[in-house]
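# A structural walkthrough
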Amino acid sequence: MKKQEKIALVIEGGGFKSVFSAGVLDAFLINKFQPFDIYIGVSSGAMCLSYYVANPVSYTHLTLPTNREV
């Protein structure tokens, strides 16, 4: 029996790295690019990933702590 291949999306955590990840995930949403079978996120990457899975375009970046009003 041949194993079925799966595609995973892994998003790392860590401050400003998540800003880039949020932009990429928004681009994925805008282009309806969702070929993934498994989703893995760590720290702020998990927050961004939860918005990607929920599918609200242009809101992923709002999950980042750098966008909070002081």
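You'll find the structure just up there.
For the structure given in this document, a descriptive report is provided here. Fair warning: this is a prediction, and the values are worked out from it, not measured in the lab.

### Points about unusual backbone geometry
Glycine aside, negative phi is the norm for most residues, and most peptide bonds take the trans geometry. A positive phi angle, near 50°, is found at K32, a position not held by glycine. According to the relative accessible area criterion, K32 is exposed, its value standing at 73%. Here S43, not a glycine, exhibits a phi torsion of approximately 55°, which is positive. Examined against the element boundaries, S43 turns out to sit in the loop between β2 (38-41) and α2 (44-54). Residue S43 is classed as exposed on the basis of its relative accessible area, which comes to 56%.

### Details of the packing of helix α1 (residues 16-30) against α2
One way to put it is that α1 packs onto α2 with a least axis distance of 10 Å and a crossing angle of 15°. When the interaxial angle is binned, α1 and α2 end up roughly parallel. Seen along the crossing, α1 lies across α2 with a hand that is right-handed. For the pair α1 and α2, contact is made by S18, A22, L25, F28 and L29 and by S44, G45, C48, L49 and Y52, respectively. Partitioning the contact of α1 with α2 into residue classes produces 7 nonpolar, 3 polar and no charged.

### What about the nonpolar core?
Judged by nonpolar contacts, L9, I11, A22, L25, F28, L29, F36, C48, L49 and Y52 together constitute the single largest core of 10 residues. Looking at this core, the elements that each hand over two or more residues are β1 (8-11), α1 and α2. In terms of residues, this core owes the most to one element, α1, which gives 4 residues.

### Re α1
Taking 1.5 Å as the rise per residue, α1 with 15 residues should run 21 Å; its terminal C-alpha atoms sit 22 Å apart, in good agreement. Along α1, the positions that sit buried rather than exposed are S18, S21, A22, L25, D26, F28 and L29. The buried residues of α1 occupy one face: seen down the axis, they fall within an arc of 155°. Residues of α1 that are exposed and point more than 90 degrees away from the buried face comprise F16, F20 and I30. Of the surrounding secondary structure, the elements contacted by the buried residues of α1 are β1 and α2.

About the criteria used
- Residues numbered from 1 in each chain as written.
- Predicted model: local features only at pLDDT ≥ 70, side-chain atom pairs only at ≥ 80, totals over all residues.
- Heavy atoms only, no water.
- Buried < 20%, exposed > 50% of the residue type's maximum accessible area, 1.4 Å probe, protein only.
- Helix = DSSP H or I, 4+ residues; strand = E, 2+ residues; numbered from the N terminus.
- Axes fitted to C-alpha atoms, helices over the stretch in contact; angles between N-to-C directions.
- Parallel < 35°, antiparallel > 145°, perpendicular 65-115°, else oblique.
- Left-handed = near helix turned anticlockwise from the far one by under 90°.
- Contact = heavy atoms within 4.5 Å.
- Nonpolar A, V, L, I, M, F, W, Y, C, P; charged D, E, K, R; others polar.
- Core = buried A, V, L, I, M, F, W, Y, C linked by side-chain atoms within 4.5 Å.
- Expected span 1.5 Å × (residues − 1).
- Arc of directions from axis to C-beta.

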